[in-house]
Amino acid sequence: MNTFSHDTFISPFTWRYGSEEMKNIYSEVHKRKLLRRIWIALAKAEAKAGLVTDEQIAELEAHKDDINIARATEIENEIKHDLMAEIKTYAEQCPNAGAIIHLGATSMDILDNMDAVRLKEALNIIISRVDELINTFKTKVEEYKDVPCMAFTHLQPAEITTVGYRFSQTLQDLIDDRKELKFVLDSIRGKGLKGAVGTAASYCELVNGSELSAIELEKAVMDELGIKAYDAATQIYTRKQDLRVIAVLSSICATMYKFAADFRIMQSPPIGEWSEPFGKKQVGSSAMPFKRNPINCEKIDSLTRFVSAQYNVAWQNSVTTFLERTLDDSANRRIILPECFLATDECLSTLNRVVSGMQIHKSGIERLLASYGLFSATERLLMELGKRGANRQEMHEVIREESLKAWAEVQAGKDNPLLTYLCNRSEINAFMTTDEIKEYMDASLYTGDASKRCDLVISRI
């Protein structure tokens, strides 16, 4: 059996990214066990047509886990056909049943049904990861829904939002992602048993004269596997299925990319409101010992970008399987399906750890509110002045003039003097006392119904 070390190229997904659970699904051992499971299911169905004996099925069952990749590789090197090599390996272990393995089937009857089973297994893992992440975000939304902070539009200070409301945007996307995931999971189908061009001609011939039809034989196999079959297929199931799978993974990755990119901005010292968990012995830079880089969020953005790029490959696969079959898709599907699942799996787990252990810095939040919150609170002041009978256009100009003067002071690194400036304007004093001006210029109170909207998002879970 082949063993791999760091003396030769191995994929980073072999040892660096993705859970052991996901790696197991896309392991060669698991793949070959699934192939044997399908051959056994086929044999059981064919036994109903009198083509296979109970003794042969028992022998196949007895050796279903005796995977010998070394022997299969040896045979493949000689015959240049990977599935036939596995059939021959299995047949050598089953001297009585070897002759009926793969009876009536073409390679993709076995391989595409195997892939459909793996897609369902892998999607279930992704859904469980998304569920964990949804719960983590839910906790953060509940904890911080009433904590005011500066919001930014165009990467410029805007009005006030809350920390929890910012989290709720990603939570909302994850809830939608989960619904799409469930839809795709429920839509997964195998090729079924339809032979070389999808007409099931070989199976019709096999069961001719028995009480079993080819469609009934197919149903018996698929029921044994726990998946449904496409009604129509060529030599393969439609590669639109792979496209839907890659699309939903890419959509989840878009959610994670957006949040991780925003996190990186929030961790930058000029904002400094959030930071990733940082270990006591963690090294931020080989050159700069003081660095605390957002390496986890950067990794998430890197891997999610990779997943998004595979959508085009899946699209090409779905349109270039000319007529009943070509092999344009075969080699790259060995790469893109497992690696997209492993990358998404890695990012979901990483983001869950980041959000669970992140630090939210009150000092950074208050610093930005002190510098820029007053500007956004002027809208609240303007609304109240209008309610008290002031001319809205005149008050707007007064506030604009003082805001521009105050902004210049802030840009010079000084404290924001806007409140003082506004308290000294007679136009405003005609409608409000100094204490009232200070009250309405409290930016922390200008968060609208953000908290209630947090609750609305949570209620969708």
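One can find the structure itself at the top, above this paragraph.
Below is a summary of the structure that appears in this document. Predicted model, so just to flag it, every value in this text is computed and none were measured.

### Remarks on the overall build of the chain
So, point 1. In terms of regular secondary structure, the chain is built from 19 helices and 6 strands.
So, point 2. Taken over the C-alpha trace, the chain has a radius of gyration of 31 Å; the compact-globule value for 461 residues is 23 Å, which it surpasses by more than 25%.
So, point 3. Taken over the C-alpha atoms alone, the chain extends approximately 100 × 50 × 35 Å along its principal axes.
So, point 4. Of the roughly 22,600 Å² of accessible surface on the chain, a fraction of 52% belongs to carbon and sulfur atoms.
So, point 5. Charge centroids of the chain, computed over 57 positive and 67 negative side chains, lie 3 Å from each other.

### Quick look at the pattern of salt bridges
So, point 1. If you walk through the whole model with that rule in mind, you get 42 salt bridges.
So, point 2. In this structure, Asp262 engages Lys258 in a salt bridge whose closest nitrogen and oxygen atoms are separated by 2.8 Å. Residue Asp262 and its partner Lys258 are located together in helix 11 (residues 240–267), separated by 4 residues, close to a single helical turn.
So, point 3. Assessed through its relative accessible area of 49%, Lys258 is described here as partly exposed.

### Comments concerning the environment of Cys340
So, point 1. Note that Cys340 resides in helix 13 (residues 330–357).
So, point 2. Here Cys340 falls in the buried class, since its relative accessible area comes to 0%.
So, point 3. The residues touching Cys340, leaving out its near neighbours within four places in the chain, are Ile246, Leu249, Val307 and Gln310.

### Points about helix 12 (residues 295–319)
So, point 1. Under the 1.5 Å per step criterion, the end-to-end length of helix 12 is 38 Å for 25 residues, consistent within 8% with the ideal 36 Å.
So, point 2. Looking at helix 12, one finds that the buried residues are Cys297, Lys299, Ile300, Asp301, Leu303, Thr304, Val307, Gln310, Ala314, Asn317 and Ser318.
So, point 3. Where helix 12 is buried, its residues meet helix 1 (12–15), helix 11 and helix 13.

### Overview of the packing of helix 3 (residues 28–47) against helix 4 (residues 54–62)
So, point 1. Their axes nearest at 10 Å, the elements helix 3 and helix 4 cross at an angle of 170°. Judged by the angle between their axes, helix 3 and helix 4 are roughly antiparallel. Note on element contacts: helix 4 touches helix 3 through Ile57, Leu60 and Glu61, opposite Ile40, Ala43, Lys44 and Ala47.
So, point 2. Here the contact of helix 3 with helix 4 is composed, by residue class, of 5 nonpolar, no polar and 2 charged.

### Considering unusual backbone geometry
So, point 1. Positive phi, close to 60°, is recorded for His154, a residue that is not glycine.
So, point 2. By secondary structure assignment, the location of His154 is in the loop between strand 1 (148–153) and strand 2 (156–162).
So, point 3. His154 sits in the exposed class, given a relative accessible area of 75%.

### Some thoughts on the pairing of strand 1
So, point 1. Direction of pairing for strand 1 relative to strand 2: antiparallel, over a ladder of 5 bridges. Its bridge partner lying in strand 2, Pro148 is registered against Thr162.
So, point 2. With antiparallel pairing between neighbouring strands as the criterion, strand 1 and strand 2 make up a hairpin whose turn holds 2 residues, including His154 at a positive phi of roughly 60°.

### Description of the nonpolar core
So, point 1. Counting 131 residues, the largest nonpolar core has Leu60, Ile126, Phe137, Phe167, Trp274, Phe341 and Leu381 as the members making the most contacts within it.
So, point 2. The greatest single-element share of this core, amounting to 18 residues, is contributed by helix 7 (residues 107–144).
So, point 3. With residues near it in sequence (within four places) discarded, Leu60 still touches Ile40, Ala43, Tyr90, Cys94, Ala97, Ile100 and Ile101.

### Regarding helix 19 (residues 450–459)
So, point 1. Among all positions in helix 19, only Ala450, Ser451, Cys454, Val457 and Ile458 are buried. All buried residues of helix 19 fall inside an arc of 115° around its axis, so they share one side. Turned more than 90 degrees from where helix 19 packs its buried face, Lys452, Leu456 and Ser459 sit exposed.
So, point 2. Those residues of helix 19 hidden inside the fold are in contact with helix 7, strand 2 and helix 8 (163–187).

The rules behind the values
Residues numbered from 1 in each chain as written. Predicted model: local features only at pLDDT ≥ 70, side-chain atom pairs only at ≥ 80, totals over all residues. Heavy atoms only, no water. Helix = DSSP H or I, 4+ residues; strand = E, 2+ residues; numbered from the N terminus. Rg over C-alpha atoms; globule rule 2.2 N^0.38 Å. Areas by Shrake-Rupley, 256 points an atom, 1.4 Å probe, with all protein chains shown as cover. Lys, Arg positive; Asp, Glu negative; His and termini not counted. Charge placed at Lys NZ, Arg CZ, Asp CG, Glu CD. Salt bridge = Lys/Arg side-chain N within 4 Å of Asp/Glu carboxyl O. Buried < 20%, exposed > 50% of the residue type's maximum accessible area, 1.4 Å probe, protein only. Contact = heavy atoms within 4.5 Å. Expected span 1.5 Å × (residues − 1). Axes fitted to C-alpha atoms, helices over the stretch in contact; angles between N-to-C directions. Parallel < 35°, antiparallel > 145°, perpendicular 65-115°, else oblique. Nonpolar A, V, L, I, M, F, W, Y, C, P; charged D, E, K, R; others polar. Pairing = 2+ DSSP bridges. Core = buried A, V, L, I, M, F, W, Y, C linked by side-chain atoms within 4.5 Å. Arc of directions from axis to C-beta.

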